[in-house]
Amino acid sequence: MTTHTLSAGKDAAAQAPGPAPDTDSGSGTPSLPAPVLVTVTPSAAGRRGVPRWIRRPTGPLLLVLLWQLASWRGSTSTELFASPWTVVTTFGHLVNNGDLPQAIGVSLRRVGTGVLLGGTIGISLALLAGLFRLGEDLIDASVQMIRTVPFVGLVPLFIIWFGIGETPKIALVAFGVAFPLYLNTYAGIRNVDADLVEAARTVGLGRLGLIRHVILPGALANMLVGVRYSLAIAWLALIFAEQVNANHGLGQLMNDAQEFQRTDIIVVCLVVYAFLGLAVDAFVRLLERVLLSWRPAFSGA
């Protein structure tokens, strides 16, 4: 319920019910009436509508329904592309025998280690290049040059350098993660309002105080966007990394399924990749709402 106070003038006084306004004695000038308190209640139409938590999964569910209908009608070959029901039953079987939970645990460990390593490198380089001109001169050109190298093409080189164990897989994920974080963090630092920085210096903030209270909060939104991009690329890099001499993980399940033409297992692994990516993206969006609660932003009409 919302309340508004309206100051009525001559026209409002003429329309409002009640006696006519009094006039000041001697001058003939009418006196203004007292403010009127009006209570406005939101209409029921404004409260109607399907909740967002119901609307958001509607699109994926429709796609799954169309997929199942196409399988029933014979539009798609179940040998080339398994039906949703077959995928669900295969998922249950892989969970019951423990293969899928073990593979997910191994893949999560690889992604977590790679994201931690690549994120530390990317953010550290962005802070040095964004906060200091000397750092920009020494770092930015090299990073811009290296980031254009396709990280997938580094797989043979990483195998030569690090062997066929866990190290090349983690290194590939770290390489893919570092550059989106660097670019977005660097851009966020350099896009902080110069007038705000000057005002902070005017009130006596030193370099550390300026970085802590002005520059880093101003760059936080861009940094979180970089985190979302980096996590998406981390899963993409992991898929390529686990296709090379992987003894465990989701990639190993997909390799074995390819040999036996088990499209149901391949689709299960792809769906798991998708849901893991969606889960970490939802976590970052939650961080955005918490850490950026001080900065109101447009959230859609």
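Residues numbered from 1 in each chain as written. Predicted model: local features only at pLDDT ≥ 70, side-chain atom pairs only at ≥ 80, totals over all residues. Heavy atoms only, no water.

Caption draft 1: Spatial organisation of the overall build of the protein chain. For the protein chain, the count of helices and strands is 13 helices and 2 strands. Out of the 301 residues belonging to the protein chain, those deemed buried represent 32%. Put simply, of all contacts in the protein chain between residues at least 6 apart along the chain, 72% involve residues at least 24 apart. Working note: accessible area of the protein chain is about 19,400 Å², and carbon and sulfur atoms make up 65% of it. (Helix = DSSP H or I, 4+ residues; strand = E, 2+ residues; numbered from the N terminus. Buried < 20%, exposed > 50% of the residue type's maximum accessible area, 1.4 Å probe, protein only. Contact = heavy atoms within 4.5 Å. Areas by Shrake-Rupley, 256 points an atom, 1.4 Å probe, with all protein chains shown as cover.)

Caption draft 2: Just the pattern of salt bridges, in detail. Taken as a whole, this structure holds 6 salt bridges when the rule is applied. Between Glu-136 and Arg-190 there is a salt bridge whose closest N-O contact spans 3.0 Å. Here Glu-136, found in helix α7 (residues 133-146), pairs with Arg-190, found in helix α9 (residues 166-190); they are 54 residues apart in sequence, far enough to count as distant. Glu-136 sits in the partly exposed class, given a relative accessible area of 23%. According to the relative accessible area criterion, Arg-190 is partly exposed, its value standing at 35%. One network of salt bridges, with partners in common, ties together Arg-110, Glu-166 and Glu-242. (Salt bridge = Lys/Arg side-chain N within 4 Å of Asp/Glu carboxyl O.)

Caption draft 3: Here's a closer look at the confidence of the model for the protein chain. Mean pLDDT over the protein chain works out to 79, with 80% of the residues at or above the 70 mark. Of all the helices and strands in the protein chain, strand β1 (residues 2-6) carries the lowest mean pLDDT, 42, while helix α6 (residues 99-131) carries the highest, 92. Within the model, pLDDT remains below 50 along residues 1-21, and this stretch shows 22 contacts once partners closer than five positions in the same chain are excluded. Every residue in residues 42-47 is under pLDDT 50, and counting partners more than four places away or in other chains gives 2 contacts. (pLDDT = per-residue confidence, 0-100.)

Caption draft 4: View of the packing of aromatic side chains. If you walk through the whole model with that rule in mind, you get 7 aromatic pairs. Between Phe-158 and Trp-161, the aromatic rings sit 6.0 Å apart at their centres with planes inclined by 35 degrees, giving tilted as the arrangement. With Phe-158 and Trp-161 both in helix α8 (residues 155-162) and 3 residues apart, this pair spans about one turn of that helix. What links up through ring pairs into an aromatic cluster is the set Phe-158, Trp-161, Phe-162, Phe-175 and Phe-179. (Phe/Tyr/Trp six-rings, centres within 6.5 Å; stacked < 30°, edge-to-face > 60°.)

Caption draft 5: Looking closely at the packing of helix α5 (residues 84-96) against helix α13 (residues 263-291). Relative orientation of the contacting elements α5 and α13 amounts to 80 degrees, with a least axis distance of 9 Å. Taken as axis vectors, α5 and α13 run roughly perpendicular relative to one another. Counting all contacts with α5, which are made through Thr-86, Val-87, Thr-90, Phe-91 and Leu-94, the residues of α13 involved are Asp-264, Ile-265, Val-267, Val-268 and Val-272. Among the residues forming the contact of α5 with α13, the class breakdown is 7 nonpolar, 2 polar and 1 charged. (Axes fitted to C-alpha atoms, helices over the stretch in contact; angles between N-to-C directions. Parallel < 35°, antiparallel > 145°, perpendicular 65-115°, else oblique. Nonpolar A, V, L, I, M, F, W, Y, C, P; charged D, E, K, R; others polar.)

Caption draft 6: Quick look at unusual backbone geometry. Within the chain, Gln-261 stands out as a residue other than glycine whose phi angle is a positive 55 degrees. With respect to the element layout, Gln-261 can be found in the loop between α12 (250-259) and α13. Given the relative accessible area of 67%, Gln-261 is considered exposed.

Caption draft 7: Highlighting the nonpolar core. In terms of nonpolar packing, the biggest core is built from 41 residues, with Leu-100, Leu-172, Tyr-182, Leu-250 and Val-272 touching the most fellow members. Those elements that provide at least two residues to this core are α5, α6, α7, α8, α9, α11 (207-242), α12 and α13. Per element, the largest residue contribution to this core is 9 residues, and it comes from α9. Once residues lying within four places of it in the same chain are set aside, the contact partners of Leu-172 are Phe-151, Val-155, Phe-158, Ala-237, Phe-240 and Ala-241. Listed in part, the 9 residues of the second largest apolar core include Ile-189, Val-192, Val-197 and Ile-211. (Core = buried A, V, L, I, M, F, W, Y, C linked by side-chain atoms within 4.5 Å.)

Caption draft 8: Spatial organisation of the packing of α11 against α13. Their axes nearest at 10 Å, the elements α11 and α13 cross at an angle of 165 degrees. In this view, α11 runs roughly antiparallel relative to α13, as classed from their interaxial angle. Crossing of α11 over α13 shows right-handed handedness. Note on element contacts: α13 touches α11 through Tyr-273, Leu-276, Gly-277, Val-280, Asp-281, Val-284, Arg-285, Leu-287, Glu-288 and Leu-291, opposite Leu-220, Leu-224, Val-225, Val-227, Arg-228, Leu-231, Trp-235, Leu-238, Ile-239 and Glu-242. Class assignment for the residues of the contact of α11 with α13 results in 14 nonpolar, 1 polar and 5 charged. (Left-handed = near helix turned anticlockwise from the far one by under 90°.)

Caption draft 9: Up close: a positive patch on the surface. Taken together, the side chains of Arg-52, Arg-55, Arg-56, Arg-285 and Arg-289 make up a positively charged region of the molecular surface. Looking at the positive patch, the elements that each hand over two or more residues are α3 (52-55) and α13. Position of Arg-56 among the secondary structure elements: in the loop between α3 and α4 (58-73). (Patch = residues over 30% accessible without salt bridge, like charges linked within 9 Å, V, L, I, M, F, W, Y side chains within 5 Å. Lys, Arg positive; Asp, Glu negative; His and termini not counted. Charge placed at Lys NZ, Arg CZ, Asp CG, Glu CD.)

Caption draft 10: Summary view of the side chain of Thr-185. Assignment of secondary structure puts Thr-185 in helix α9. In contact with Thr-185, not counting residues within four places along its chain, are Ile-123, Ala-126, Ala-219 and Met-223.

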